[in-house]
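# Structural overview for review
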Amino acid sequence: MKIAIVSDVHDHINHLLLALATADEAGCERMIFLGDMVHSSTFTLLTEEWKKPLDLVFGNNEYEIEAFHAIATAAPHVTLHGNYGAVTIGSRRLFFCHLPSLARQAVETGRFDAVFYGHTHCADSRMSGTTLLANPGEVFGRQSRPGIGVYDTDSGQFFHFPI
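Residues numbered from 1 in each chain as written. Predicted model: local features only at pLDDT ≥ 70, side-chain atom pairs only at ≥ 80, totals over all residues. Heavy atoms only, no water.

Before going further, it helps to spend a moment on the pairing of strand β10 (residues 147-152). The element β10 is largely enclosed, with a buried count of six among its six residues. Residues Gly-147, Gly-149 and Tyr-151 line one face of β10 and the alternating positions Ile-148, Val-150 and Asp-152 line the opposite face, and both faces are buried. Bridge count for strand β1 (residues 2-6) against β10 is four bridges, and the pairing is antiparallel. Across the sheet, residue Ala-4 finds its bridge partner in β10, namely Val-150. As paired strands, β10 and strand β11 (residues 157-162) are joined by six bridges and run antiparallel to one another. Looking across to β11, one finds that Gly-147 is bridged to Pro-162. If you look at the hairpin formed by β10 and β11, you'll find four residues sitting between the two strands, and Gly-156 has a positive phi there, around 80°. (Buried < 20%, exposed > 50% of the residue type's maximum accessible area, 1.4 Å probe, protein only. Helix = DSSP H or I, 4+ residues; strand = E, 2+ residues; numbered from the N terminus. Pairing = 2+ DSSP bridges.)

Rendered as structure tokens:
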């Protein structure tokens, strides 16, 4: 299964829509969002436009936490995990969060096949022992070219896609 890994939208709606189109074109069947959506109106748009399973964690720029919970509760395809999440998809154990420090802690446990994080706005992927540590970069496009990541649970590979 291909999973879209998305982070740091910062309410840039046009880039979010491009990111969703890119995820569809790449054949993604699920999305993991790594935080910094910012406002609930952007989250509402995401839940309306992306009808496939969506796992979401908070970033450091979410300002309407109660509204996020209400939106997630009303959307059966959305799981709001809080500050971090862990799921098993197929045989792959995945951990995801917004902050790099928390991601490094998860890698050190050795319990995950892949760990995803955001916050830095810089795309990166590398192996740390047997664990993939990856950042999809930013959808916003403030510090770098906007893009998303795609993780393939069959191969364990991670790819960056510009939007």
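Secondary-structure assignment places Glu-138 in the loop between β9 (131-136) and β10. There is no salt bridge for the buried Glu-138, and the closest opposite charge comes from Arg-142, which lies 5.1 Å off by N-O distance. Only 2.5 Å separates the side chain of Glu-138 from the side chain of His-121, close enough to count as a polar contact. Side-chain polar atoms of Glu-138 contact the backbone nitrogen of Gln-143, separated by 2.6 Å. (Lys, Arg positive; Asp, Glu negative; His and termini not counted. Salt bridge = Lys/Arg side-chain N within 4 Å of Asp/Glu carboxyl O. Polar contact = N/O pair within 3.5 Å; in protein donor to acceptor, adjacent residues only side chain to side chain.)

Let's shift gears to the side chain of Thr-22. Along the chain, the position of Thr-22 falls in helix α1 (residues 13-25). For Thr-22, a relative accessible area of 11% puts it in the buried group. Excluding its chain neighbours within four sequence positions, the residues that come into contact with Thr-22 are Ile-148, Phe-161, Pro-162 and Ile-163. (Contact = heavy atoms within 4.5 Å.)

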